[in-house]
Amino acid sequence: MLINKKLVLTSIVRTYATEAAATGLRLTFAVPHQTIYKDTSVAQVNIAAVSGDMGILASHVPSIEQLRPGVVEVIENAITKKYFVSGGFATMNPDSSLNINAIEAFPVEEFSAEAVRHNLAEAQRLANSGATEEEKIAAKIEVEVLESLQAAINAK
Amino acid sequence: MFATRAQPVASALSAGVQTRNMATLREIQLRLNSIKNIGKITKSMKMIASTKVSKAQRAMETARTFGASSAAIYKNSNATPLESEDNLFVVSSSDRGLCGGIHSSVAKATRKIIAQSEVKNAGIVVLGDKAKNQMSRSNRGDIKLSFNQIGKSIPTFAEASAAVDTIKASGVKFDNATIVYNKFTSAIAYEAVPITSYSLDALKGSEGFAAYEADEGVLEDYNDFLFANNIYWALVEGHASEMSAKRNAMENATKNAGEMVDRLTMTYNRTRQAAITSELVDIITGASAL
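Conventions we followed
- Within each chain, residues carry numbers counting from 1 in the order of the written sequence.
- Here every chain gets a letter starting at A, and every ligand a number starting at 1, in the order they are written.
- With pLDDT at 70 or above as the cut-off, local features in this predicted model cover only qualifying residues; side-chain atom pairs require 80 or more to be listed or tallied, and sums for whole chains, interfaces and linings still use all residues.
- Only hydrogens and water are removed before side-chain values are computed, so all heavy atoms of the structure are retained for them.
- To obtain an axis, a line is fitted to C-alpha atoms, over the contacting stretch when the element is a helix, and the angle between two such axes runs from 0 to 180 degrees between their N-to-C directions.
- Secondary structure counts use DSSP, requiring at least four H or I residues in a row for a helix and at least two E residues in a row for a strand, with both numbered from the N terminus.
- For any pair of crossing helices, the crossing counts as left-handed if the nearer helix is rotated counterclockwise from the farther one by less than a right angle, and right-handed if it is rotated clockwise.
- Contacts are assigned to residue pairs with any non-hydrogen atoms lying within 4.5 Å of each other.
- Any residue outside Ala, Val, Leu, Ile, Met, Phe, Trp, Tyr, Cys, Pro, Asp, Glu, Lys and Arg is labelled polar, Gly included; the first ten of those are nonpolar and the last four are charged.
- Working rule for angles: under 35 degrees goes down as roughly parallel, over 145 as roughly antiparallel, 65 to 115 as roughly perpendicular, anything else as oblique.
- When DSSP finds two or more bridges between two strands, those strands count as paired.
- Put simply, a salt bridge is a Lys or Arg side-chain nitrogen that is within 4 Å of an Asp or Glu carboxyl oxygen.
- To sort residues, take the accessible area from a 1.4 Å probe on protein chains only and compare it with the maximum for the residue type: under 20% means buried, over 50% means exposed, and anything in between is partly exposed.
- Accessible-area loss on putting two parts together, using a 1.4 Å probe and summing over both, is the definition of buried area adopted here.
- Two N or O atoms form a polar contact when they lie within 3.5 Å of each other; inside protein one atom must be a possible hydrogen donor and the other a possible acceptor, and for residues adjacent in sequence the pair counts only when both atoms belong to side chains.
- What counts as a ring pair is set by centres within 6.5 Å for rings of Phe, Tyr and Trp (its six-membered ring), and what kind of pair is set by the plane angle: stacked under 30 degrees, edge-to-face over 60, tilted for all other angles.
- Confidence of the prediction at every residue is given by pLDDT, a number between 0 and 100.
- Buriedness for pockets is judged along seven lines, at least five of which must meet protein on both sides within 12 Å for an open set on the 1 Å grid over protein atoms alone, while cavities are sets there where a 1.4 Å probe fits but cannot get out, and lining residues have an atom within 4 Å of a point.
- Grid points are joined across faces, edges and corners, and a volume is the space filled by probe spheres set on the points.
- Segment limits for the domains were obtained from an automatic or database-derived domain assignment.

K.L.:
Got a sec to walk through the packing of helix H3 (residues 102–117) of chain B against helix H4 (residues 129–139) of chain B? Specific residues and values, please.
P.N.:
Residue and element names in this part refer to chain B. The N-to-C vectors of H3 and H4 enclose an angle of 35 degrees; their axes lie 9 Å apart at closest approach. With respect to the hand of their crossing, H3 and H4 are arranged in right-handed fashion. Taken together, the residues of H4 that come into contact with H3 (itself represented by His 103, Ser 104, Ala 107, Thr 110, Arg 111 and Ile 114) are Lys 130, Gln 134, Met 135, Ser 138 and Asn 139. In terms of residue class, the contact of H3 with H4 is made up of three nonpolar, six polar and two charged.

This is the structure we're talking about:
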């Protein structure tokens, strides 16, 4: 109840203070080889968590979410950017800062639909007829990632 | 005590140098050539290191952001180490030498931290052969695991997670893990500092952690992920420090080789002239005797 009230309150404040970039949600989005956002003020971030898809605004309840292969959508004031991540964790902190640590993340539009389709067919083949159990499981994970990637590309 | 013992050694050395000054031209020539070659090698190693430095530094910047972003949870939840005897110390170094005191710096720092923490059950995991040699001199019994093949190029996240997997699979139990690595302070300075990782129990027990909403099931993975991130951070930053230390070490070596070449060339020329003079004297004395 209290949490709900807090959320409503901050969303009102945000409409008044959209220009004040220093407050609001501060996003740090990093993969091991690249820093995508570093302490940047954004309006909203939508993540695909294991527990379900969720949208994060400023003053969201502090939480730790495991990311599943899917799209992380970053909404800056006017622009929306979509990144496909392979997995990782998102930590929402009490001070309205959101830390997303992923293993791999690339803009959705940079993926080639053709290559995804090709790899998906290959992975599906391996998942059914892999030589070892380990290989099959690895292929199944690959299928899962590629299917969600394909869905992300098609949804664009 | 030490100084008095060092004295006779030093005098013996200078006697050796004196005999070397009397060396024949050929001996000087040989030395000159070998030092010139060493100078060439160190110079090219310096060039290689300096091209790698900028790449390693860029990787370090991103790894720092990545590591700091994941380690923010410790700060936000006010995590404190559990009172426990099971501590793990991870020494992050590499296989490659010829880079100054970078490996002894982490080894020394780890020894100091272990001594200060006064834990009875200190497990040590060593990343890199160079630090392994140093740690096994003082803490052989405590080394649980060691990894090599580190430091050929910029460490990857896959390497860090493989290390964490192996540590987990080996059944090493720990409540707090301290990762000691060389922090890159500037192009000419590095400093061995620790990053602390906590066990899940320590994280759960910290005062700020209750504020976080999380599924019980993902926390185990989350904590392993944090540990891997910290190791990745330590490896990449350590690599950058190593490369810049290597560049400095090789630069100094090249400079020293150049100085030695100058000195030896001078001695060579003088000895050559002395030889010519004495031969001339011989000839002239011989001629005047006739």
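From this point, the discussion proceeds with the structure in view.
K.L.:
Any chance you could break down the packing of helix H2 (residues 113–129) of chain A against helix H3 (residues 133–155) of chain A for me, citing the residues and the numbers?
P.N.:
All names here are of chain A. Packing of H2 against H3 brings their axes to within 8 Å, and their N-to-C directions diverge by 150 degrees. As summarised for this structure, H2 and H3 are arranged roughly antiparallel, according to the angle between their axes. Considering only the axes of H2 and H3, their crossing is left-handed. Contacts from Ala 113, Val 116, Arg 117, Asn 119, Leu 120, Ala 123, Gln 124, Leu 126, Ala 127 and Asn 128 of H2 reach H3 at Glu 135, Lys 136, Ala 139, Lys 140, Glu 142, Val 143, Leu 146, Glu 147, Leu 149, Gln 150 and Ile 153. Classifying every residue of the contact of H2 with H3 gives eleven nonpolar, four polar and six charged.

K.L.:
Can you lay out the sheet that holds strand E2 (residues 121–127) of chain B for me, pointing to particular residues and giving the numbers?
P.N.:
Residues and elements named next belong to chain B. The five strands are arranged E3-E2-E1-E4-E5 in an open sheet whose pairing can be described as mixed. The open sheet has two edge strands with one neighbour each: strand E3 (143–147) and strand E5 (189–198). Averaged over neighbouring strand pairs, the angle between their axes works out to 20 degrees when direction is ignored. Across seven bridges, strand E1 (residues 86–92) lies against E2 in parallel orientation. Bridge pairing in E2 places Leu 88 opposite Gly 123. Seen against the sheet, helix H5 (residues 157–169) touches E1, E2 and E3 and runs at an angle of roughly 150 degrees to E3. Against the sheet, helix H7 (residues 216–289) touches E1, E2, strand E4 (176–186) and E5, its axis set at about 35 degrees to E4.

K.L.:
How would you sum up the pattern of salt bridges? Please name residues and give values.
P.N.:
By the definition in use, this model includes eight salt bridges over all chains. Here Arg 125 of chain A ties to Glu 122 of chain A by a salt bridge, and the two come within 3.0 Å at their closest N and O atoms. Of the two residues, Arg 125 of chain A and Glu 122 of chain A are both situated in helix H2; the distance of three residues between them amounts to about one turn of the helix. Taking the relative accessible area as the measure of exposure, Arg 125 of chain A reaches 46% and is therefore partly exposed. Using a relative accessible area of 36% as the deciding quantity, one classes Glu 122 of chain A as partly exposed. Ionic pairing is found between Glu 237 of chain B and Arg 64 of chain B, a salt bridge with its closest N-O pair at 2.8 Å. Note that Glu 237 of chain B is positioned in helix H7 and Arg 64 of chain B in helix H2 (residues 25–76), a separation of 173 residues in sequence.

K.L.:
How would you summarise the interface of chain B and chain A if you had to cite specific residues and measurements?
P.N.:
The interface of chain B with chain A comprises 23 residues on the first partner and 26 residues on the second. Buried area between chain B and chain A, both sides added, is near 1900 Å², and the carbon and sulfur share of it is 64%. Our count for the chain B to chain A interface comes out at zero salt bridges. Between chain B and chain A we count ten residue pairs in polar contact (both at pLDDT 80 or more) in total. Sorting the residues of the side of chain B that touches chain A by element identifies H2, strand E6 (213–214) and H7 of chain B as the ones contributing at least two each. Broken down by element, the side of chain B that touches chain A gets its largest block of residues, nine residues, from H2 of chain B. Its residues placed into classes, the side of chain B that touches chain A shows 14 nonpolar, six polar and three charged. Note that strand E5 (residues 63–67) of chain A and E6 of chain B share two bridges and pair parallel. When the bridges of E6 of chain B are listed, Ile 64 of chain A appears paired with Ala 214 of chain B.

K.L.:
Outline the packing of aromatic side chains, supporting the account with residue identities and numerical values.
P.N.:
Enumeration according to the criterion identifies 13 aromatic pairs over all chains in this entry. With a centroid separation of 5.2 Å and 40 degrees between ring planes, the pair formed by Phe 89 of chain A and Phe 225 of chain B is classed as tilted. Here Phe 89 of chain A, found in strand E8 (residues 88–92), pairs with Phe 225 of chain B, found in helix H7, and the two come from separate chains. Residue classification places Phe 89 of chain A among the buried positions, given a relative accessible area of 4%. The class for Phe 225 of chain B is buried, based on a relative accessible area of 9%. Ring geometry for Tyr 74 of chain B and Tyr 198 of chain B: centres 4.9 Å apart, planes at 70 degrees, overall edge-to-face. Pair noted here: Tyr 74 of chain B is in helix H2 and Tyr 198 of chain B is in strand E5, with a separation of 124 residues, a long-range link. An aromatic cluster is built from Phe 89 of chain A together with Phe 66, Phe 157, Tyr 222, Phe 225 and Tyr 232 of chain B, whose rings are joined through pairwise contacts.

K.L.:
Describe the pairing of E5 of chain A, and please don't skip the residues or the numbers.
P.N.:
Residue and element names in this part refer to chain A. Counting buried positions over the five residues of E5 gives five, a clear majority of the element. The side-chain alternation of E5 yields two buried faces, one formed by Ser 63, Glu 65 and Leu 67 and the other by Ile 64 and Gln 66. Direction of pairing for E5 relative to E8: antiparallel, over a ladder of five bridges. Counterpart to Gln 66 in the pairing with E8 is Phe 89.

K.L.:
So what about the confidence of the model for chain A? Which residues, and what values?
P.N.:
Residue and element names in this part refer to chain A. Model confidence for chain A is summarised by a mean pLDDT of 84, while 85% of its residues fall at 70 or above. Strand E9 (residues 97–102) holds the highest mean pLDDT among the elements of chain A, 94, whereas helix H1 (residues 2–16) holds the lowest, 43. Note on residues 1–22: pLDDT is under 50 here. Beyond four places in sequence and across chains, it has eleven contacts.

K.L.:
Outline the layout of surface pockets, listing residues and values.
P.N.:
The space that makes up the largest pocket amounts to roughly 460 Å³. Around the largest pocket sit 18 residues that line it, and Gln 66, Gly 87, Gly 88 and Ile 103 of chain A together with Phe 225 of chain B are the ones nearest its centre. Mapped onto the lining of the largest pocket, the elements with two or more residues apiece are E8 and H3 of chain A together with H5 and H7 of chain B. Sorting elements by how many residues they give to the lining of the largest pocket places H5 of chain B first, with five residues. Taken together, the residues of the lining of the largest pocket sort by class into nine nonpolar, five polar and four charged. Looking at which domains feed residues into the lining of the largest pocket, each of domain 1 (2–108) and domain 2 (111–155) of chain A supplies at least three. Taken as a whole, the second largest pocket holds about 330 Å³ of empty space. Contributing to the lining of the second largest pocket are 17 residues, with Lys 168, Phe 174, Ser 199, Leu 200 and Glu 220 of chain B lying nearest its centre. Secondary-structure elements contributing two or more residues to the lining of the second largest pocket are H5, E5, helix H6 (200–205) and H7 of chain B.

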